[in-house]
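Residues per chain, in single letters:
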Amino acid sequence: MTAMSPTPETLAPEPEGKAANGLQAWLPTVRDTALAILLALIVGAVLIAISDEDVINSLEDLFAHPGSFFVYAGDVVRHSFGAVFDAYKALLDGAFGSGSALRRTLERSAPLICAGLGVALAFRAGLFNIGAQGQMLVGALAAGYVGFTFDMPPVIHLGAALAAALIASSLWGGIVGLLKARTGAHEVITTIMLNFVGRFTVLYFLAKESFQRPGSDNLLSPPVDDDATFPTVFGLHLGIPLAILAAGGVWWLLERSRLGFEMRAVGANPEAARTAGMSIGKVYVLTMAITGALSGLAISMTVLGLHQSITDQVVGSVGFDAITVALLGRATPHGTVLAGLLFGALSAGGLGMQTQAGVPPELINVVQALIVLFVAAPALVRGLARLERRKKKADKAKAARTGQEVAA
Amino acid sequence: MNMLYGLLTPTEGEIRLDGEVVSFDGPGDALAAGIGMVHQHFMLVPVFTVAENVMLGHEPTRGPVLNRAKAREQVRELSERYNLKVDPDALVETLPVGVQQRVEIVKALASHAKILILDEPTAVLTPQEIDELMAIMRELKAQGTSIIFITHKLREVKAVADRISVIRRGKVVGTAEPTASETELAELMVGRAVSLTVAKDAPTVGEPVLRGTGISVVDPRGHLVVKDVSFEARAGEVLGIAGVQGNGQTELIKSLLGLLRPAAGTITLDGQDISRYGPRQSLEAGIGFIPEDRSHDGYVGPFSVRENLVLDLYRSDEFSRGPALKLGAIADNAEARIQEFDIRTESAETPVASLSGGNQQKVVVAREFSRPLKVLIASQPTRGVDVGSIEFIHKRIIAERDHGTAIIVVSTELEEIYALSDRIAVMYDGRIVATVPPDTPRQELGLLMAGAVPDSMEAAQ
């Protein structure tokens, strides 16, 4: 499409065309992703080690006494391994170590998956949606407003608040599609700008009296009415099942529906889609609206589930992490679910790392970013893993062999 | 060929140059070894001058400064020695295609190529330009350059080659002398007897179906590219539109489908005004459309054969129910079309991008022929297609004609125009300059395509 967006063809997998080859076709993808995660954790380990106090102290000793190099070098290594082991153990514990850890992982995964699905869907239609953040912000405002202002019967109130979020977010997304369809405005620019508009709209409303929690000086809304909150089962709210349902829905849409056929065609070759009589504009508008609705679903999990109120920080960075989740998931529904779970686990585990091992939570952001960086540069990863070189060597050896055979 | 030029590395086997085994890690290596290549699609920077393009990659310098004078001198010297007629200071984007091709040749020679690979060099040239290219090739040969000339046009090989190798499905299947007949060569290429002329009866011409009156089209850059064109396509007849690439044919047929809105004029189908129809309405009104560049807008590369075969049919009740696609019906359709059109593919799930050009085109053709048509607009229906598939596609087009469909064939290849047309309209500079019978001599048609009106015609008009 444009030089700016990573072309969806490179991201998106061969659709279901390759399904016949099944697992085998996916093996390289799975392997590259696993390698990327591993490499990111290794880089993370180095960062943990060099920022650990014991390691720093023993390094100082090492430079102070260059004579007894091996004694102190041993210390450095020992402390490094200790620090890394403690940190990653805390990470695992924080993500999976207990019932509450697991719950936290799932709670954090669900919105990531939903918003990630929205970004992934847009990718498949050739749109680079940076706007999940803004879509979630206006969705939060709508869900919260309906949630704490009105008084409705139980199920209906939740339905109304949820619907408000979906509609607000999908309109926010739809604007982008409409602008692109009508004026050709690039969606990367418009989504980024609408993120700003969304952010300051939320700040504006939160400063209004009708959005202020009585007796609070912070930007904090009144609590959402109990009737409008997600019911919980075993202490777990409905987020995860909803996210899985949404993934199923997105899969059906992409692979089994007319609209999905049009989306994928427009994403892979808009010219051919146009010549085949498809309306590219319609596809852009609908895709962005559905994308927005998925963002709206994501944020209602937070506003109506976890926080049950709105603050200026209610979205956090989920809207941006969603982009990374979709990229890591190769813009497929199942990949996005897995990537969302991974990021949810890293996020929950990061909390454990901070409290148990004293590692700053920012490290997790670094690791997340590195994973995606490595995924985006598969050649780099394979090079680092020396796979490529080994393969080349094997090829050369083979060529030499055939050469000899020919000579003989 | 891409292997010889270092763009691909052979998985097996070796390349010997002057008796020595060589291996190229990229075009740089190949160039250094004296192998130059002129690609089918030119690799020139349009906003650079000829001299700048030629020096690209091995810029002569004086200190840190480019030595443009030296590059200019080199271009002048080469174009004189080989009689190439290229102006070193002209901007490449302003040059006609034939001259751009000469720039590519100069570029290859400037890097001291001893072996020159020409990949389908004649596709974009007028008959006259082809003759000039042949003369240049003979000149190069006389001065000691080896030339590998890749083409699917039999007449050209016979005209210029000293030795002929025939490649079919990645294998050299035979060699021939230039004295071999075209039929013999075609048989080697296809592996069975083929007829180069399409057997067809005289047309049973019916009523005009698609009629254009005073059509003008402005392209997206604001140039008037189709100027007041009128024509009619009649049932049961093939109207050929001949012309050198870039004389408005592309835009004309795009306007017929509704991909471009005509700035003036009307288009009617069976008497109904369809000038303001979009592509979907036109397709549903019974227009079949084979676009000139299949990879551009004929198919979706990553989509499977199955999906591409319903790319413009998926909305019909046959292939969808409400918002859902009928996957079963789509799969059945694919099996039937693959059989009927002999599409060579591993399976219906194979992405179309990985098929050969001929089979990709068959996918497009099969799709357009799988619904009832009033008009078929086929642009370059056999470009980059093997001889066997050409024969097949031509036969299908004639069969559709005999079925009573109005056919418009746009082609830059005279062979194709002659093989199919019942009437030939020649486009030059956005206008239809003449409509002539199919027995018009090649020379006369060539002149019309170049914008000259032959004497005999002037009298007739």
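Residues numbered from 1 in each chain as written. Chains lettered and ligands numbered in written order. Predicted model: local features only at pLDDT ≥ 70, side-chain atom pairs only at ≥ 80, totals over all residues.

### Digging into the overall build of chain B
Reasoning step 1: Counting secondary structure elements, chain B contains 17 helices and 21 strands.
Reasoning step 2: For a compact globule of 461 residues, the expected C-alpha radius of gyration is about 23 Å, and chain B comes in at 24 Å, within 12% of that figure.
Reasoning step 3: Going through the 461 residues of chain B one by one, you find that 41% of them count as buried.
Reasoning step 4: Counting only contacts in chain B whose residues sit at least 6 apart along the sequence, the fraction spanning at least 24 positions is 64%. (Helix = DSSP H or I, 4+ residues; strand = E, 2+ residues; numbered from the N terminus. Rg over C-alpha atoms; globule rule 2.2 N^0.38 Å. Buried ≥ 20, exposed ≤ 12 C-beta atoms within 10 Å, placed from the backbone. Contact = placed C-beta atoms within 7 Å.)

### Focus: the interface of chain A and chain B
Interface size, as often reported, equals the accessible area lost upon joining of the parts.
Reasoning step 1: Between chain A and chain B, the residue contacts involve 22 residues of the former and 28 residues of the latter.
Reasoning step 2: The biggest single contributor to the side of chain A that touches chain B is helix α10 (residues 258-268) of chain A, with 5 residues.
Reasoning step 3: Counted by class, the side of chain A that touches chain B contains 9 nonpolar, 7 polar and 6 charged residues. (Nonpolar A, V, L, I, M, F, W, Y, C, P; charged D, E, K, R; others polar.)

### Considering the sheet that holds strand β6 (residues 115-119) of chain B
Where strands meet in a sheet, backbone hydrogen bonds hold them as pairs that are either parallel or antiparallel.
All names here are of chain B.
Reasoning step 1: Pairing is parallel across the open sheet formed by 3 strands, whose spatial order is β3-β6-β7. Looking at the sheet topology across the chains shown, the edges are occupied by β3 (35-38) and β7 (146-150). Sheet twist, expressed as the average angle between the axes of neighbouring strands with direction ignored, equals 15 degrees.
Reasoning step 2: The pairing of β3 with β6 spans 4 bridges and is classified as parallel. Looking at β6, one finds that Val38 is bridged to Leu118. (Pairing = 2+ DSSP bridges. Axes fitted to C-alpha atoms, helices over the stretch in contact; angles between N-to-C directions.)

### Observations regarding the sheet that holds strand β12 (residues 238-242) of chain B
Residues and elements named next belong to chain B.
Reasoning step 1: The strand order across the open sheet built from 6 strands is β15-β18-β19-β12-β20-β21, with neighbouring strands paired in mixed fashion. Of all the strands in the sheet, the pair left with one neighbour each is β15 (287-290) and β21 (431-436). Between one strand axis and the next, the sheet turns by 20 degrees as a mean value, whatever way the strands run.
Reasoning step 2: With 5 bridges connecting them, β12 and strand β19 (residues 406-411) associate as parallel partners. Within β19, the residue paired with Val238 across the bridge is Ile407.

### Overview of the packing of helix α9 (residues 239-256) of chain A against helix α14 (residues 333-357) of chain A
All names here are of chain A.
Reasoning step 1: Two elements in contact, α9 and α14, have axes whose closest approach is 9 Å; the angle formed by their N-to-C orientations is 155 degrees. Overall, the two elements α9 and α14 adopt an arrangement that is roughly antiparallel. As α9 runs across α14, the sense of the crossing is right-handed. Counting all contacts with α9, which are made through Ile244, Ala247, Val250 and Trp251, the residues of α14 involved are Pro333, Thr336 and Val337. (Parallel < 35°, antiparallel > 145°, perpendicular 65-115°, else oblique. Left-handed = near helix turned anticlockwise from the far one by under 90°.)

### Regarding the confidence of the model for chain A
Residues and elements named next belong to chain A.
Reasoning step 1: On average, residues of chain A carry a pLDDT of 85, and 88% of them reach 70 or more.
Reasoning step 2: Across residues 1-21, confidence stays below pLDDT 50; counting only partners more than four residues off in sequence or on other chains, it has 38 contacts.
Reasoning step 3: Ignoring residues within four places in sequence, the model shows residues 403-408, a span with pLDDT below 50, making 1 contact including any to other chains. (pLDDT = per-residue confidence, 0-100.)

### Section: the domain arrangement of chain B
Residue and element names in this part refer to chain B.
Reasoning step 1: Per the domain assignment, the segments of chain B are domain 1 (15-151) and domain 2 (208-460).
Reasoning step 2: The straight-line distance from the C-alpha centre of domain 1 to that of domain 2 is 34 Å.
Reasoning step 3: At the junction of the two partners, domain 1 supplies 4 residues and domain 2 supplies 6 residues.
Reasoning step 4: Across the side of domain 1 that touches domain 2, the residue classes break down as 2 nonpolar, 2 polar and no charged. (Domains from an automatic or database assignment.)

### Here we look at the pairing of β21 of chain B
Here is the key point about a regular strand: its side chains alternate between the two faces of the sheet.
Residues and elements named next belong to chain B.
Reasoning step 1: Direction of pairing for strand β20 (residues 423-428) relative to β21: antiparallel, over a ladder of 5 bridges. The residue of β21 that forms the bridge with Tyr428 is Arg431.
Reasoning step 2: Hairpin connection between β20 and β21: a loop of 2 residues separates the two successive antiparallel strands, and Asp429 in this loop has a positive phi of roughly 50 degrees.

### Brief notes about the nonpolar core
One broad rule of soluble globular proteins: the nonpolar side chains tend to lie buried together.
Reasoning step 1: Of all hydrophobic cores here, the largest spans 197 residues; its most connected members are Ala140 and Ala143 of chain A together with Val375 and Val426 of chain B.
Reasoning step 2: Ranked by residue count, the leading element in this core is helix α12 (residues 280-306) of chain A, at 14 residues.
Reasoning step 3: Aside from chain neighbours lying at most four places away, what touches Val426 of chain B is Ala242, Gly243, Ile432, Val433, Ala434, Val436, Leu445, Leu448 and Met449 of chain B.
Reasoning step 4: Counting 30 residues, the second-largest nonpolar core is a separate cluster that includes Phe24, Ala113, Leu116 and Leu140 of chain B. (Core = buried A, V, L, I, M, F, W, Y, C linked by C-beta atoms within 7 Å.)

### Describing α9 of chain A
Residue and element names in this part refer to chain A.
Reasoning step 1: Relative to the 26 Å expected for 18 residues at 1.5 Å per residue, α9 spans 25 Å between its end C-alpha atoms, a close match to the ideal helical length.
Reasoning step 2: Burial in α9 covers these residues: Gly239, Ile240, Leu242, Ala243, Ala246, Ala247, Val250, Leu253 and Leu254. End-on view of α9: buried residues confined to an arc of 155 degrees, all on one side of the axis.
Reasoning step 3: Against α5 (99-124), β2 (236-237), α10, α12 and α14 lie the buried residues of α9. (Expected span 1.5 Å × (residues − 1). Arc of directions from axis to C-beta.)

### Some thoughts on unusual backbone geometry
Reasoning step 1: If you check the backbone angles, Gln308 of chain A has positive phi at about 55 degrees while not being a glycine.
Reasoning step 2: As for its placement among the helices and strands, Gln308 of chain A is situated in the loop between α12 and α13 (318-328).
Reasoning step 3: With 19 C-beta atoms packed within 10 Å, Gln308 of chain A lands in the partly exposed category.
Reasoning step 4: Within the chain, Asp342 of chain B stands out as a residue other than glycine whose phi angle is a positive 55 degrees.
Reasoning step 5: Within the fold, Asp342 of chain B resides in the loop between α12 (327-340) and α13 (357-368).
Reasoning step 6: Judged by local crowding, Asp342 of chain B falls into the partly exposed class, with 13 C-beta atoms found within 10 Å.

### What about the environment of Asp227 of chain A?
All names here are of chain A.
Reasoning step 1: Of note, Asp227 is situated in the loop between α8 (187-206) and β1 (232-233).
Reasoning step 2: Look at Asp227 and you get partly exposed, because 17 C-beta atoms sit within 10 Å.
Reasoning step 3: Spatially, the C-alpha atoms of Asp227 and Gly159 are 9.8 Å apart, while their sequence positions differ by 68 residues.
Reasoning step 4: Among all residues touching Asp227, those that are not within four sequence positions of it are Met152, Pro153, Pro154, His157 and Leu158.

### Some details on the domain arrangement of chain A
All names here are of chain A.
Reasoning step 1: Per the domain assignment, the segments of chain A are domain 1 (27-96 + 367-390) and domain 2 (110-359).
Reasoning step 2: Taking the mean C-alpha position of each, domain 1 and domain 2 sit 34 Å from one another.
Reasoning step 3: Taken together, the 18 residues of domain 1 in the interface contact 15 residues of domain 2.
Reasoning step 4: Contributing elements (two or more residues each) for the side of domain 1 that touches domain 2: α2 (23-51), α4 (69-96) and α15 (362-376).
Reasoning step 5: Top element by residues in the side of domain 1 that touches domain 2 is α4. It accounts for 9 residues.
Reasoning step 6: Looking at the side of domain 1 that touches domain 2 residue by residue, the classes come out as 12 nonpolar, 4 polar and 2 charged.

### Describing the confidence of the model for chain B
Reasoning step 1: Looking at chain B, the pLDDT average stands at 86 and 95% of residues meet or exceed 70.
Reasoning step 2: Of the two predicted TM-score estimates for the complex, the pTM is 0.80 and the ipTM is 0.80.

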